[in-house]
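Residues per chain are reported as follows:
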Amino acid sequence: PDLQHSLWKYRPNINLEHLSQKIQIEGQHVKYPALVFFLKEETSLRATKYLPSIVKLQRFLYDIHHYRSSEEEAHEKSIGQFLIDISNDQMRNELKSMIENVQQAWLLVRGKLQTYGRLPVPQEFINVDLSHETTSIAYLIPKTTGRGCCTTALVDHLVMIHNEFIDICIKIIKEMHATGRTWKSVWRDPLVQIKDLRDTQLLQYENRLMAVILAHCHYSLTVGQQHTDVEYDYAALEKHLLNEFVYGKPKIQLDIPHVVFRKDVYTGERFEMIRTKVPQMHLSAVDKYDILKQLTRIVQLRQALNHIEVVMGFLSAGGKENPNMSLNHYAIKILEIQDFNKVIGTGYCIGHILALWDIVAVELARKVTLTGEVPYSVNDGLQQHLSTDVVIQMNEDLEHVNLDVVLSTLNNFIETHVRNINEADHRMEWTIKECLEEHLGFLPGEYELEKEIKFLREIPMSQVIGVWNAVVFYKKSSS
């Protein structure tokens, strides 16, 4: 008895690692593709149990941030502050649980996401704790770029792994049911939308997996050796795996809602989409005066611009609308911006949205500039100062132009064009006038606005913010 007891101490541990090594050593990996894939991707398949919770969190964040938040606001808000802002205790606890589930899935598979071909996650994001209260909420907001790519890549990876495994299993089951009962009778729900995904439609094996493995392994003791051998019945194990955990599980149709931040609407293409879907109308000088008489402080202008950007985002993404529809009705009844009329006022329609944006955005940028701050989020290479000689020449030129037109043109140009230029862009070598002509879509001498921007013909793009500042201060000194 003592000898037998000592020999049994040398038996190998039965676990997934040992099973995986054994099937590779014995060259059975081609013969049992579902079992081999399961062993190789087990950590990812285990993480799929968190998918319903992650998707629910993404949908919640999409609803509150899509076209409603700026990227800066998302980056600055921590997960802790986000949870504090949720007034309903039950909802707060549910969201906290969802965030913890994201982190559990993230810990299981993040090592694979840096080289994940469909949507690789940058190295600097890999070690981020996606549930810590000081972590930015931006990491959880579904985006394909920036911090939001973390959860987007996570969901994409888990869905792809799940679907690939189901495809392998379906192929095997087709062969198993080639005669008699058809394989389709086994798969009652072949495809499910990710937003409708339930826990029961995913692999649920953690608590029962070892029992299945132990049921299909056998110990043997060879005379003269001081250890026991373990043999696995791979065919029975793979069949049991399919019967126990895979039958009836659907593939998942991936459809992740990607958040578009408010400022993302600041492109020439988006503005043109608004004009196409909702024909735009001008506002009179009296209207402009009335608007700015209400919005005298920077904080009021910021709030008004935020509301206008939300409306612009939805108008650019939606279908055609009647330009005469009340702006208050659209904002309050459809978009549920309850304090819209208190901020913007009444009497406007959605056909005025770009005119309102122009008035408010220019005034906000002008006031911020006068405080000594930079009102635009642009590359540092575009913020070089003007020389004294250039400023003197500019001031002489500005005596002969319409300053309001120049400020409006520059603001539109900077917000929709310049903010998207980086230092490697070839247009960094152009003059501001050349870039403006490309942006506005006209050739020299073919547009009445050319006389207003003629003074920019020799000033490089690297000084575009300096030009804006100079025009703002010139107007202040001349008024």
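No experiment lies behind these values; they were computed from the predicted model shown.

What counts and what doesn't
Residues numbered from 1 in each chain as written. Predicted model: local features only at pLDDT ≥ 70, side-chain atom pairs only at ≥ 80, totals over all residues. Heavy atoms only, no water. Helix = DSSP H or I, 4+ residues; strand = E, 2+ residues; numbered from the N terminus. Buried < 20%, exposed > 50% of the residue type's maximum accessible area, 1.4 Å probe, protein only. Expected span 1.5 Å × (residues − 1). Contact = heavy atoms within 4.5 Å. Core = buried A, V, L, I, M, F, W, Y, C linked by side-chain atoms within 4.5 Å. Phe/Tyr/Trp six-rings, centres within 6.5 Å; stacked < 30°, edge-to-face > 60°. Axes fitted to C-alpha atoms, helices over the stretch in contact; angles between N-to-C directions. Parallel < 35°, antiparallel > 145°, perpendicular 65-115°, else oblique. Left-handed = near helix turned anticlockwise from the far one by under 90°. Salt bridge = Lys/Arg side-chain N within 4 Å of Asp/Glu carboxyl O. Polar contact = N/O pair within 3.5 Å; in protein donor to acceptor, adjacent residues only side chain to side chain. Nonpolar A, V, L, I, M, F, W, Y, C, P; charged D, E, K, R; others polar.

Novice: What is the right way to look at the overall build of the protein in this model?
Specialist: Helices and strands together make up the secondary structure of the protein, namely 23 helices and 4 strands. Within the protein, buried positions represent 48% of all 479 residues.

Novice: Can you help me understand helix 15 (residues 298-317) in this one?
Specialist: Helical periodicity: at 3.6 residues per turn, an α-helix aligns residues three or four positions apart in one direction. Given a rise of 1.5 Å per residue, 20 residues ought to cover 28 Å, and the 29 Å separating the end C-alpha atoms of helix 15 matches this to within 8%. Buried within helix 15 are the following residues: L301, A304, L305, H307, I308, E309, V310, V311, M312, G313, L315 and S316. Next to the buried residues of helix 15 lie helix 13 (268-277), helix 16 (327-334), helix 17 (340-344) and helix 18 (353-370).

Novice: Teacher, can you tell me more about the environment of F261 here?
Specialist: Positionally, F261 belongs in the loop between strand 4 (251-253) and helix 13. For the pair F261 and H65, spaced 196 residues apart in sequence, the C-alpha separation works out to 7.0 Å. Residue contacts for F261: discarding those within four places in its chain leaves Y67, S69, S70, E71, A74, I141 and K143.

Novice: Even after reading the chapter, I still don't get the nonpolar core, so can you show me in this structure?
Specialist: Nonpolar side chains in soluble globular proteins tend to be buried together. Among the nonpolar cores identified, the biggest contains 48 residues, and L51, L57, F82, V121, L140, L154 and I252 are the most heavily contacted of them. Those elements that provide at least two residues to this core are helix 5 (51-65), helix 7 (79-84), helix 8 (89-113), helix 9 (123-126) and helix 10 (149-176). Examining the composition of this core, we find that 8 residues originate from one element, helix 8, more than from any other. Apart from residues lying up to four places away in sequence, L154 is in contact with I54, V102, A105, W106, V109 and L113. Listed in part, the 39 residues of the second largest apolar core include I291, Y348, A355 and L364.

Novice: Just to check I follow, could you spell out the packing of aromatic side chains for this structure?
Specialist: How two aromatic rings sit relative to each other is given by the distance of their centres and the angle of their planes. Applying the stated rule across the entire model yields 10 aromatic pairs. When the centroid spacing of 5.9 Å and the interplanar angle of 10° are considered together, the rings of F37 and F165 count as stacked. Separated by 128 residues along the polypeptide, F37 in helix 3 (residues 33-40) and F165 in helix 10 bring together distant segments of the chain. Classification of F37 as buried rests on a relative accessible area of 10%.

Novice: Is there a simple way to think about the packing of helix 5 against helix 8 in this case?
Specialist: Two quantities define a packed helix pair, namely the angle between the axes and the distance from one axis to the other. Packing of helix 5 against helix 8 brings their axes to within 9 Å, and their N-to-C directions diverge by 120°. On the basis of the axis angle, helix 5 is oblique to helix 8. The handedness of the crossing between helix 5 and helix 8 comes out as left-handed. Facing S53, I54, K56, L57 and F60 of helix 5, the residues of helix 8 in contact are M91, E94, L95, M98, I99, N101, V102 and A105.

Novice: Could you clarify how one ought to interpret the pattern of salt bridges in this entry?
Specialist: Once their charged atoms are close, side chains differing in charge can pair, the charge on each being opposite to the other. Taken as a whole, this structure holds 14 salt bridges when the rule is applied. Taking the shortest distance from any N to any O, the salt bridge between D196 and K195 comes out at 3.4 Å. Given the relative accessible area of 59%, K195 is considered exposed. For D404, the salt bridge is made with K475, and the minimal N-O distance between the two is 2.4 Å. Here D404 is found in helix 20 (residues 403-416), whereas its partner K475 is found in helix 23 (residues 464-478), with 71 residues between them in sequence. Each of E363, R366 and K367 takes part in one network of salt bridges that share partners.

Novice: What exactly am I supposed to notice about the side chain of E42 here?
Specialist: For E42, the location among the structural elements is in helix 4 (residues 42-47). The residues contacting E42, other than those within four sequence positions of it, are L16 and Y205.

Novice: Would you explain the environment of Q280 in this entry?
Specialist: Checked against the element boundaries, Q280 lands in the loop between helix 13 and helix 14 (285-294). Residue classification places Q280 among the partly exposed positions, given a relative accessible area of 25%. A C-alpha to C-alpha distance of 7.4 Å links Q280 and I353, two positions 73 residues apart in sequence. With residues near it in sequence (within four places) discarded, Q280 still touches I274, R275, I350, G351, H352, I353, L354 and A355. At 3.4 Å, the side chain of Q280 and the backbone oxygen of I350 are in polar contact. Within the local environment of Q280, its side chain forms a polar contact with the backbone nitrogen of L354, the two atoms lying 3.0 Å apart.

Novice: When you look at helix 23 in this model, what are you seeing that I'm missing?
Specialist: Its 15 residues place the ends of helix 23 21 Å apart at the C-alpha level, agreeing with the 21 Å of an ideal helix rising 1.5 Å per residue. Looking only at helix 23, the buried set comprises V464, I465, G466, V467, W468, A470, V471, V472 and Y474. On its buried side, helix 23 packs onto helix 18, helix 19 (388-398), helix 20 and helix 21 (432-440).

Novice: What should I look at first to understand the side chain of H66 in this one?
Specialist: Residue placement: H66 occurs in the loop between helix 5 and helix 6 (71-76). If near-sequence neighbours (up to four positions away) are discounted, H66 is found in contact with L61, H258, V259, V260 and F314.

Novice: Would you take a moment to explain the environment of Y247 for this structure?
Specialist: By the secondary structure assignment, Y247 is in the loop between helix 12 (234-246) and strand 4. Residues Y247 and C169, 78 residues apart in the sequence, show an inter-C-alpha distance of 8.7 Å.

Novice: Just to check I follow, could you spell out the packing of helix 18 against helix 20 for this structure?
Specialist: Closest axis-to-axis distance for the helix 18/helix 20 pair is 10 Å, and the angle between their directions is 90°. By the angle class used here, helix 18 and helix 20 are roughly perpendicular. Listed contacts from helix 20 to W357, D358, A361, V362 and A365 of helix 18 are L407, S408, N411, N412 and E415. The residue makeup of the contact of helix 18 with helix 20, split by class, is 5 nonpolar, 3 polar and 2 charged.

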